Amino acid sequence: MSLRKEAREAPESGIVEVVNFAREREDLIPLWVGEGDLKTPDFIREAAYLGLDAGETFYTYQRGIPELRRALADYHSRQYGRGFTQEEFYVTGSGMQAMQIAIQCVAGVGDEVILHDPAWPNLAAVVGIMGARAVPVPMRFSADGWSLDIDRMFDAVTPRTRAIYLNSPCNPTGWVAGRETLKAVLDRARQLGLWIIADEVYSRFVYGGEARAPSFYDVAEKGDRILYVNTFSKNWAMTGWRIGWLGAPAELGQIIENLIQYSTSGVAGFMQRAAIAALNDGDNFVEEQVTRAKAGSTLIREVLDNSERVEYAPPQGAFYLFFKVMGFDDSRELAKTIVSQTGVGLAPGAAFGPAGEGYLRLCFARSSRDLAQAAERLQGWLSR
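In what follows, the accompanying structure is described. Throughout this document, residue positions are counted from 1 along each chain, in the order its sequence is written. The model is predicted, so local features are restricted to residues of pLDDT at least 70 and side-chain atom pairs to those at 80 or more, both for listing and for counting; the totals for chains, interfaces and linings are taken over all residues. With hydrogens and water set aside, each side-chain value is computed from the structure's full complement of heavy atoms.

## Digging into the pattern of salt bridges
The criterion, for reference: One speaks of a salt bridge when a side-chain nitrogen belonging to Lys or Arg is within 4 Å of a carboxyl oxygen belonging to Asp or Glu. A run of DSSP states H or I qualifies as a helix once it reaches four residues; a run of E qualifies as a strand once it reaches two. Both are numbered from the N-terminal end. Relative accessibility thresholds used throughout: buried, under 20% of the residue-type maximum; exposed, over 50%; partly exposed, between the two (1.4 Å probe, protein chains only).
Scanning the entire structure with this criterion turns up 23 salt bridges. Of the charged contacts, one joins Asp42 and Arg45 as a salt bridge, the two residues approaching to 2.9 Å between their closest N and O atoms. Taken together, the positions of Asp42 and Arg45, both in helix α3 (residues 42-53) and three residues apart, correspond to about one turn of that helix. In this structure Asp42 comes out as exposed when scored by relative accessible area, which is 52%.

Below you can see the structure in the form of structure tokens.
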């Protein structure tokens, strides 16, 4: 069939491949996708019901209703201790769409976007669909954990490079970039005139006692070329709602509005009411989720630490354990083997880039009951 090359070659998700392989198992414990098991809280759902009852089912503002954009500005002011305006925020139909729009803004046919590896696979896929090329730069794994070699990242810059993608806290590794790392990346990007796509979706999920992870907002100045990708999915258990936001310079407003118009034409008004409730009243729920995830990480690691076959770095943020089972090189086949023999669904590390091969990703944002059962099954499998 005569389709665009970029469409034909869009990669199948390595995660979905394993999910489809075993999703019908009755004894399945699904720890493979990036969501917890808590439903969206009542106060958020109630706000959506009220919006529906008020008849907010018509076309609305392409950039997002003013009330939500003001709530986003206020939320960021609380998080980062400085003023923001609603003109810096654009409501999107998911964090995924925010990423698509960010790439559409900065990269097209023949361009390049540099990203760390491992990384969330959808970024590289979107870059490829746009006709650009994703350039992965391997992170380093050692006894001290994962680290980013900034010199190596910028050594990959060519005349075709348009942007640097950085996800911190990182899916899948749990790596968190320190303020000094973010400043160093920003300084180099400024010198070269490059955009930064900052994926800060997991910014509230950190485990060192801080309220949030370091952000490019902490080091940026007015006029910096940074596009911030974010979503309501993780913090407020709203994965199925498909609503996110893009933080961007206000002068890009009409351009971003146009891109929203020609893709989804905006997000439903009643869903935006739910998002306002999440931002304004959801801090306690976020804190409960982070506490729960930290306990989940501890539970699963205590079991895996008993096996000499397992290697990993304790995650500093996000809600995944990215671990290697020694003696296996094909993570897709390993994930299928484990789910076939134990019923525990894990994501293959190869889905996250070449540097992820040999690893598995486990989501620990789950109930202690599910995690304890999964840990028991994995312990039994590892001891064979």
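## Focus on helix α6 (residues 121-129)
Count 3.6 residues to each turn of an α-helix, and residues three or four apart come out pointing the same way. Rule in force here: Throughout, a residue-residue contact means that at least one pair of heavy atoms, one from each residue, lies within 4.5 Å.
Considered for burial, the residues of α6 that qualify are Leu123, Ala125, Val126 and Val127. On the buried face of α6, the contacting elements are α5 (95-106), β3 (112-117), β4 (133-138) and β7 (161-167). Phi turns positive, to about 90 degrees, at Gly131, one or two residues after α6.

## Quick notes on empty space enclosed by the protein
By rolling a water-sized probe across the atoms, one finds the places where empty space is left. As a reminder, the rule being used: We place a 1 Å grid over just the protein atoms. Points where a 1.4 Å probe fits but has no way out form a cavity, open points with protein on both sides within 12 Å along at least 5 of 7 lines form a pocket, and any residue with an atom within 4 Å of a point lines it. Grid points are joined across faces, edges and corners, and a volume is the space filled by probe spheres set on the points. Under this grouping Gly is polar, as are all residues other than the nonpolar Ala, Val, Leu, Ile, Met, Phe, Trp, Tyr, Cys and Pro and the charged Asp, Glu, Lys and Arg.
Evaluation of the coordinates by the stated rule reveals one cavity of 30 Å³ or more. Lining the largest cavity we find 13 residues, and of these His76, Tyr80, Ser203, Asn230 and Trp245 sit closest to its centre. Counting only elements with at least two residues in the lining of the largest cavity, the list comes to α4 (66-80) and β9 (226-231). In terms of residue count, the dominant contributor to the lining of the largest cavity is α4 (four residues). By residue class, the composition of the lining of the largest cavity is six nonpolar, five polar and two charged.

## Overview of the state of the cysteines
Covalent bonding between the sulfur atoms of two cysteines is what defines a disulfide. Definition in use: Counting rule for disulfides: a pair of cysteine sulfur atoms within 2.5 Å.
All chains considered together, the criterion is met by zero disulfides. As a non-bridged cysteine, Cys170 has Cys363 as the owner of its nearest cysteine sulfur, 14 Å distant.

## A few points about the side chain of Ser307
We apply this condition: Here a polar contact means two N or O atoms within 3.5 Å. Within protein one must be a hydrogen donor candidate and the other an acceptor candidate, and residues neighboring in sequence count only if both atoms are side-chain atoms.
Mapped onto the elements, Ser307 comes out in the loop between α11 (283-304) and β11 (310-312). Relative accessible area serves as the criterion here: at 14%, Ser307 is assigned to the buried category. There is a polar contact of 3.1 Å between the side chain of Ser307 and the backbone nitrogen of Arg309.

## Looking at the pairing of β3
Rule in force here: A pair of strands is considered paired only if DSSP assigns at least 2 bridges between the two. Here the term right-handed applies to a crossover when the path leading from its first strand over the helix to its second strand runs clockwise, the strands being oriented away from the viewer.
When you tally the buried positions in β3, you get six out of six residues, the bulk of the element. When β3 meets β4, the two strands line up parallel, connected through six bridges. Along β4, the bridge assignment pairs Val113 with Ala134. In this region the chain leaves β3, passes through α6 and returns to the parallel neighbour β4; the handedness of that crossover is right-handed. Bridge analysis of β3 against β7 gives four bridges, and the strand direction is parallel. Bridging from a neighbouring strand, Ile114 pairs with Ile164 of β7.

## A short note on the packing of helix α2 (residues 14-22) against helix α12 (residues 331-342)
Just so we agree on the cut-off: Here an angle of 0 to 180 degrees is reported between the N-to-C directions of two axes, which are lines fitted to C-alpha atoms, with helices fitted over the stretch in contact. Note on angle classes: values under 35 degrees are labelled roughly parallel, values over 145 roughly antiparallel, values of 65 to 115 roughly perpendicular, and the remainder oblique. Helix crossings fall into two classes, left-handed where the near helix is turned counterclockwise from the far one by less than a right angle and right-handed where it is turned clockwise.
Orientation of α2 relative to α12, taken along the N-to-C sense of each, is 25 degrees, at an axis distance of 10 Å. Compared by their axis directions, α2 and α12 come out roughly parallel. Where α2 crosses over α12, the handedness of that crossing is right-handed. In contact with Gly14, Glu17, Val18, Phe21 and Ala22 of α2, α12 contributes Arg332, Ala335, Lys336, Val339 and Ser340. Class assignment for the residues of the contact of α2 with α12 results in five nonpolar, two polar and three charged.

## Topic: the sheet that holds β3
Read from one edge of the open sheet, seven strands run β2-β10-β9-β8-β7-β3-β4, paired in mixed fashion. Unpaired on one side and paired on the other, β2 (89-92) and β4 mark the two borders of the sheet. Pairs of neighbouring strands in the sheet enclose a mean axial angle of 25 degrees, with direction left out of account. Across the sheet, α5 lies against β2, β3, β7, β8 (195-199), β9 and β10 (244-247), angled at about 165 degrees from β9, the strand it touches most.

## Here's the deal with the side chain of Thr161
Within the secondary structure, Thr161 sits in strand β7. Polar side-chain contacts of Thr161 include one of 2.8 Å to the backbone nitrogen of Thr158.

## A closer look at the packing of aromatic side chains
The cut-off we apply is this: Planes of paired rings set the category: under 30 degrees apart is stacked, over 60 is edge-to-face and the rest tilted, where pairs are Phe, Tyr or Trp rings (Trp by its six-membered ring) whose centres lie within 6.5 Å.
Considering all chains together, one arrives at 21 aromatic pairs under this definition. Judged by centre distance (5.1 Å) and plane angle (85 degrees), the ring pair of Phe205 and Phe319 falls under edge-to-face. Here the residue Phe205 occupies a position in the loop between β8 and β9, and Phe319 occupies one in the loop between β11 and β12 (320-325), the gap between them amounting to 114 residues. Pair check on accessibility: Phe205 and Phe319 agree, each one buried. Ring geometry for Tyr217 versus Tyr228: centroids 3.7 Å apart, planes at 5 degrees, classification stacked. With Tyr217 in the loop between β8 and β9 and Tyr228 in strand β9, this pair connects stretches of sequence that are eleven residues apart.

## Focus on α4
This is how the line gets drawn: Helix span is expected to be 1.5 Å times the residue number reduced by one.
If you check α4, its first and last C-alpha atoms are 21 Å apart, about what 15 residues at 1.5 Å a residue would give, namely 21 Å. Buried residues along α4 sit in contact with β2, β10, α10 (269-281) and α11. Positioned one or two residues after α4, Gly81 has a phi angle of 70 degrees, which is positive.

Interpretation note: all reported values are geometric properties and have no functional meaning in isolation.
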